[in-house]
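# Topology and contacts: notes
One-letter residues, chain by chain:
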Amino acid sequence: MEDFSTRTYGTSGMDNRPLFGETSARDRIINLAVGGFTSVVVLVTVISSFVFPSLPPRPLNVFFAVCILLACGSAIMLIFWYRQGDLEPKFRNLIYYMLVSIVLLCLCANLYFHDVR
């Protein structure tokens, strides 16, 4: 009988990619780094919206922070569903795109809060 451990199922060699729902250590490190960086940037932006340019905060700054937090809400829901295994792995690129968009929005907000011209 043929040895089942040597079957490649049409691939060019042994296929050791993770199955659906499993992540490699490299993917986990990337996810934590991108998520951690985005969290710090959002936290700094929300604090800046209340503190700068002076107390009490300007309503437009607070509105800007609320909009950023609403954008974060949808990204958090996608991350939650992805980690549960409800979303296919191709949605990881969409999550990365949303996180980069949030970081850029925070950059614009911080430039506005600090009156950079």
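Residues numbered from 1 in each chain as written. Predicted model: local features only at pLDDT ≥ 70, side-chain atom pairs only at ≥ 80, totals over all residues. Heavy atoms only, no water.

## Side note on the packing of helix α1 (residues 25-51) against helix α3 (residues 91-113)
Across the interface, α1 lies against α3 with an axial gap of 9 Å and an inter-helix angle of 25°. What the angle tells us is that α1 and α3 run roughly parallel. The handedness of the crossing between α1 and α3 comes out as left-handed. Of α3, the residues touching α1 (which contributes D27, I30, N31, V34, F37, T38, V41, V42, V44, T45, S48 and S49) are R92, Y96, L99, I102, V103, C106, A109, N110 and F113. Looking at the contact of α1 with α3 residue by residue, the class counts come to 13 nonpolar, six polar and two charged. (Axes fitted to C-alpha atoms, helices over the stretch in contact; angles between N-to-C directions. Helix = DSSP H or I, 4+ residues; strand = E, 2+ residues; numbered from the N terminus. Parallel < 35°, antiparallel > 145°, perpendicular 65-115°, else oblique. Left-handed = near helix turned anticlockwise from the far one by under 90°. Contact = heavy atoms within 4.5 Å. Nonpolar A, V, L, I, M, F, W, Y, C, P; charged D, E, K, R; others polar.)

## Re a nonpolar patch on the surface
Among the surface-exposed residues, L43, I47, F50, V51 and F52 lie close enough to one another that they form a single nonpolar patch of about 450 Å² accessible area. Here F52 shows up in the loop between α1 and α2 (59-84). (Patch = residues over 30% accessible without salt bridge, like charges linked within 9 Å, V, L, I, M, F, W, Y side chains within 5 Å. Areas by Shrake-Rupley, 256 points an atom, 1.4 Å probe, with all protein chains shown as cover. Salt bridge = Lys/Arg side-chain N within 4 Å of Asp/Glu carboxyl O.)

## Brief notes about α1
End to end, α1 covers 39 Å across 27 residues, agreeing with the expected 39 Å (1.5 Å per residue, within 8%). Turning to α1, its buried residues are D27, T38, V41, V42, T45, V46, S48 and S49. (Expected span 1.5 Å × (residues − 1). Buried < 20%, exposed > 50% of the residue type's maximum accessible area, 1.4 Å probe, protein only.)

## Notes on the packing of α2 against α3
Following both chains from N to C, one finds α2 and α3 inclined at 165°, their axes separated by 10 Å at the closest point. Classified by the interaxial angle, the pair formed by α2 and α3 is roughly antiparallel. α3 is crossed by α2, and the crossing has left-handed handedness. On α3, the residues that touch L60, N61, F64, I68, A71, C72, S74, A75, L78, I79 and Y82 of α2 are R92, L94, I95, M98, L99, I102, L105, C106, A109, Y112 and F113. Its residues placed into classes, the contact of α2 with α3 shows 19 nonpolar, two polar and one charged.

## Describing the nonpolar core
Core analysis: the biggest nonpolar cluster contains 17 residues, and V42, I68, I102 and C106 have the highest contact counts within it. When contributions to this core are tallied by element, the ones reaching two or more residues are α1, α2 and α3. In this structure, I102 is in contact with T38, V42, A71, C72 and A75, ignoring residues within four places of it in sequence. (Core = buried A, V, L, I, M, F, W, Y, C linked by side-chain atoms within 4.5 Å.)

## Quick word on the side chain of N61
Note that N61 resides in helix α2. Residue class for N61 comes out buried when judged on its relative accessible area of 0%. Apart from residues no more than four positions distant in its own chain, N61 is found in contact with S49, F52, P53, Y112 and F113.

The values reported here are purely geometric and, on their own, carry no functional implication.
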